[in-house]
Structure formats: structure tokens, C-alpha cells
Amino acid sequence: MSYSIAIDGPAGAGKSTIAKKVAGEKGFIYVDTGAMYRAMALYLMREGVKREQTELISEVCKGAKITIEYRDGEQVVLLDGENVNGLIRTEEIGNMASVSSAVPAVREKLLELQQNLAKENNVVMDGRDIGTKVLPDADVKVYLTASTQCRAKRRFDELTAKGVQCDLQQIEQDIKERDHLDMTRDTSPLRQAEDAVFIDSSDMGIDEVAKAILDLCI
Ligand code: DC
């Protein structure tokens, strides 16, 4: 039986940093489900689909061939065999992913991929609906959040460190919009699973949050 740790929460809460750290400590693989939704968004954009074309998204998404590989312990998302890790971290893709991930056909397509990874491996999986939908029987469930201002500042610092020009207020606005979309959609909205442990990381360091999660593992 494989062991799974589910970490859900809003954009910019630090899920991926924490999940990677916890996975490293436990010797588990880290499954970044947001990256799969981002790869799907990239596919849709390349196919010329616009955010508001919901019906077209349902149709076109069926043609996407998204797979996952691990290279030197790092998750690599392949879109039709192409490594797209370097292309999916933009705000534009994040905004498209937030819209396209609300479409049920998109979620169905990625659900099986995520569940199979957890069946075959010990995983730390992060996303929006891992504890509620993807892995309802996960051994450990965490809902990780932080204040909107704190999340915006973290994303701003991250992008600035990469040399990307950005505007803090715009990022905060995007985060609010994304939270709204993620939390109010009909299919698998972001919410805390009843049996998830709530952690607000606004005033916590990375090691402190990781330790809190590791302490939950038996
Ligand atoms: O975590 P992220 O910013 O990389 O995720 C990008 C988008 O994908 C986000 O707006 C919501 C969506 N997503 C989702 O709906 N379900 C998941 N399990 C993971 C991400």
C-alpha cells in the first residue's frame, strides 16, 4: 500500500516549496497537479482557444497528451512528448489554467493520471482538490494557506528574483481573481476537506511548516 500526503490551498500559499521539502524528507515523489493544469492551459492556448470559450475547451482538451516523468527526482510535465516545465510558470498561463481547470472535461482528463501516480508511488501531492476529490483516503491531509497580501508578496519576490518585471498590486488582484474562480467553481472547488489540518503559513518559515506536516505522518 502506498502512502499519500495531500496538500491543498490557494495560489501562492507555498504549497510546492513545502511539498517538495516534505517529499525530500520522506523519500516520496512530489506530484505538482497545478503543473498538469498549466500544461493543459498551454495546450489550449496553442490551439487558439480563448478563456471564454468553455464549450470549445471541453472539446479541444480531449486532444492533449499530458504525461509525467521524473528526471533526477524532478517532475517533468510532457505535452505530446515535449518538456514544457520551462513554459508554464507565467502569469498568463496561470490565469488561463484557472479558467480551464473549472471545465469538467479538463478535470476528468487529469484525474486518472493523478490517481494512478498515487497508486503506484508514495506521494506528496499538491493542488486544490487533492484531499476532497483526487485522494479522499489520503493518509495525511493539509489545507495550507496564507493572507492574500503575503501570498502576493511571495509571488512578487519570486518573479522579481527571476528578473521578471511585475506589479505587486496587479499580482494581488490576479490572486484574488484566481481564488474566487478556484473556490466558486461547480466542479471540485477549492475547499478544506473535513479531515484536513489547517495551516496558515503567513508568519511561519518553510522549515516550520514542513515540520508541522512531517509531525502529522505516522
Ligand atoms: O497551483 P497552480 O497555480 O500551479 O495551479 C494553476 C491552476 O490550476 C489554478 O488556478 C487552479 C488549477 N488547479 C486545480 O484546479 N486543481 C488542482 N488540483 C491544481 C491546480
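Residues numbered from 1 in each chain as written. Predicted model: local features only at pLDDT ≥ 70, side-chain atom pairs only at ≥ 80, totals over all residues. Heavy atoms only, no water.

Peer 1: What exactly am I supposed to notice about the overall build of the protein chain here?
Peer 2: A count of helical and extended segments in the protein chain gives nine helices and eight strands. The globule rule puts the C-alpha radius of gyration for 218 residues at 17 Å, and the 16 Å found for the protein chain is close to it. The principal-axis extent of the C-alpha atoms belonging to the protein chain is close to 45 × 40 × 35 Å. The burial tally for the protein chain puts 49% of its 218 residues in the buried class. Long-range pairs, those at least 24 residues apart, make up 75% of the contacts in the protein chain between residues at least 6 apart in sequence. For the protein chain, the accessible surface area stands at approximately 10,900 Å², while carbon and sulfur atoms represent 48% of it. Treating the 28 positive side-chain charges of the protein chain as one cloud and the 37 negative ones as another, the clouds have centres 1 Å apart. (Helix = DSSP H or I, 4+ residues; strand = E, 2+ residues; numbered from the N terminus. Rg over C-alpha atoms; globule rule 2.2 N^0.38 Å. Buried < 20%, exposed > 50% of the residue type's maximum accessible area, 1.4 Å probe, protein only. Contact = heavy atoms within 4.5 Å. Areas by Shrake-Rupley, 256 points an atom, 1.4 Å probe, with all protein chains shown as cover. Lys, Arg positive; Asp, Glu negative; His and termini not counted. Charge placed at Lys NZ, Arg CZ, Asp CG, Glu CD.)

Peer 1: I would appreciate a short explanation of the pattern of salt bridges in the present structure.
Peer 2: Side-chain pairing between opposite charges can occur once the charged atoms of the two side chains come close. In total, this model carries 14 salt bridges according to the counting rule given. The partner of Arg 46 in a salt bridge is Glu 82, with the nearest N and O atoms 2.9 Å apart. Here Arg 46, found in helix α2 (residues 33-46), pairs with Glu 82, found in strand β5 (residues 82-83); they are 36 residues apart in sequence, far enough to count as distant. Judged by relative accessible area, Arg 46 falls into the partly exposed class, the value being 44%. Taking relative accessible area as the criterion, Glu 82 reaches 33% and is therefore assigned partly exposed. For Glu 172, the salt bridge identified is with Lys 176, shortest N-O distance 3.8 Å. Taken together, the positions of Glu 172 and Lys 176, both in helix α8 (residues 168-184) and four residues apart, correspond to about one turn of that helix. (Salt bridge = Lys/Arg side-chain N within 4 Å of Asp/Glu carboxyl O.)

Peer 1: What is the right way to look at the layout of surface pockets in this model?
Peer 2: It is the rolling of a water-molecule-sized probe over the atoms that shows where space remains empty. Looking at the largest pocket, its volume works out to about 1,100 Å³. Every residue lining the largest pocket is counted, 50 residues in all, and those nearest its centre are Ser 16, Tyr 30, Asp 32, Arg 89 and Arg 155. Across the lining of the largest pocket, the residue classes tally to 15 nonpolar, 16 polar and 19 charged. Considering only enclosed or pocket space, the second largest pocket measures out at about 240 Å³ in volume. Every residue along the wall of the second largest pocket is listed here: Met 1, Ser 2, Ser 4, Gln 115, Ala 118, Lys 119, Val 134, Leu 135, Pro 136, Asp 137, Ala 138 and Asp 139. With three residues, helix α5 (residues 104-120) is the single largest residue contributor to the lining of the second largest pocket. Residue classes in the lining of the second largest pocket are distributed as six nonpolar, three polar and three charged. (1 Å grid on protein atoms, 1.4 Å probe; cavity = no way out; pocket = protein on both sides within 12 Å on 5 of 7 lines; lining within 4 Å. Points joined across faces, edges and corners; volume = space filled by probe spheres on them. Nonpolar A, V, L, I, M, F, W, Y, C, P; charged D, E, K, R; others polar.)

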